[in-house]
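Coordinate inspection notes
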Amino acid sequence: MDQHYNPVIYQRLCSLFDARDWDALQSYLDGLSNAHFRTSGYLIGERLLPGARREDFWEVMRRLILWQPRAFTVTTGKAALLRLKHGSISFEDAGFQELVGALSVPERIIDRQKLLLLWLPAIEDPQTVEQLFRQFCINDRRRVDFLLRTEGLVAAFVLLRVLCYEEHDRDFLINTCRQVMKRGDNLSFNLASLLRTYFDLPEVKGTFSLALQPYELSRLDTDFDVFSRVMTKV
C-alpha cells in the first residue's frame, strides 16, 4: 500500500515550497526511490498545493506535468479542482494561461484530455466549458467524446450546442443520441428524448418519459435556464 505521509519528506518539501526553489524541488524528487517518489506525489497534491500561493500553484503544476506527466497530471489536476471549487485559483489566472500554452503542443494531448475529463463534471456554467475546450484546442465534434463522458446538465447543454453545428450529418446525430441512451440514467434518457425531438430523429427508438411540445424547443440551445427547466420537468 502506498504511503501518503512521511514526516522527513514532508518537511523537506515544505522547505522547498517556502523557498520557492522549483529547480531544487525537481532535483529532490528525481533522487527519491520509487516508493518515496509516490509519497511525495501524495504530499504535493494533498497537502502542499492546496495551500500554495496562487501564482506558485500554477507554476508548480506546469513544471511537474511537463517533467513527469504520468505521475503529476492527475495529482495536480485534483488539487486544482479542489481550489477551483473554493475560488482560491481561477481559469483567468495568468499562471493558468501559461499552463495552457505549455500543454498546447500535439504531444501533450493526453495531458489536456486528462485535465478536461477531471474538471468538466465540476464546472457549473456552459461558458466555462466552452472556454476550456477552446483553450485546450478541442474543437468541433471532438468535443462530443468528452461531453458523452461527462454527467450533468451543463455538459448536456453544451452537447446540444455542439450538435447544432452537426445537424447536417444525421448519421452522426443518431449515433450520438444512441450513445447518450447507453448511459442509462434518467437525465440521459431525457437528453436523448430532447435530441430526438429537436433534430427530428424518429430512427432513435426508446421509451421516453420526457415529451416536448413544439413551443418548448425555442431557445433550448441558447438559454441554459430554459434548457434546465425542460430537462428536469418530469
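Here, every reference points to the structure presented above.
First, a word on what this report is: a plain description of the structure on this page.

Definitions and cut-offs
Residues numbered from 1 in each chain as written. Predicted model: local features only at pLDDT ≥ 70, side-chain atom pairs only at ≥ 80, totals over all residues. Heavy atoms only, no water. Helix = DSSP H or I, 4+ residues; strand = E, 2+ residues; numbered from the N terminus. Buried < 20%, exposed > 50% of the residue type's maximum accessible area, 1.4 Å probe, protein only. Core = buried A, V, L, I, M, F, W, Y, C linked by side-chain atoms within 4.5 Å. Expected span 1.5 Å × (residues − 1). Arc of directions from axis to C-beta.

It is worth spelling out unusual backbone geometry at this point. For residues besides glycine, phi is generally negative; the peptide bonds are generally trans as well. Even without being a glycine, Arg 20 presents a positive backbone phi close to 55 degrees. Among the structural elements, Arg 20 can be located in the loop between helix 1 (7-19) and helix 2 (22-30). What makes Arg 20 partly exposed here is its relative accessible area of 35%. In this structure, Arg 219 is a non-glycine residue whose phi angle is positive, near 65 degrees. On the secondary structure map, Arg 219 appears in the loop between helix 12 (186-198) and helix 13 (224-231).

What follows deals with the nonpolar core. What tends to happen in soluble globular proteins is that the nonpolar side chains get buried as a cluster. The biggest cluster of nonpolar side chains holds 78 residues, and the ones touching the most others in it are Trp 119, Phe 136 and Leu 194. Ranked by the residues each element gives to this core, the list is headed by helix 10 (residues 153-164), at 10 residues.

This part is about helix 1. With 13 residues, helix 1 should cover 18 Å at 1.5 Å per step; its first-to-last C-alpha distance of 18 Å lies within 8% of that length. Of the residues making up helix 1, those classed as buried are Ile 9, Tyr 10, Leu 13, Cys 14, Leu 16 and Phe 17. One side of helix 1 carries all its buried residues, which in axial view fall inside an arc of 165 degrees. Among the exposed residues of helix 1, those pointing more than 90 degrees away from its buried face are Val 8, Asp 18 and Ala 19.

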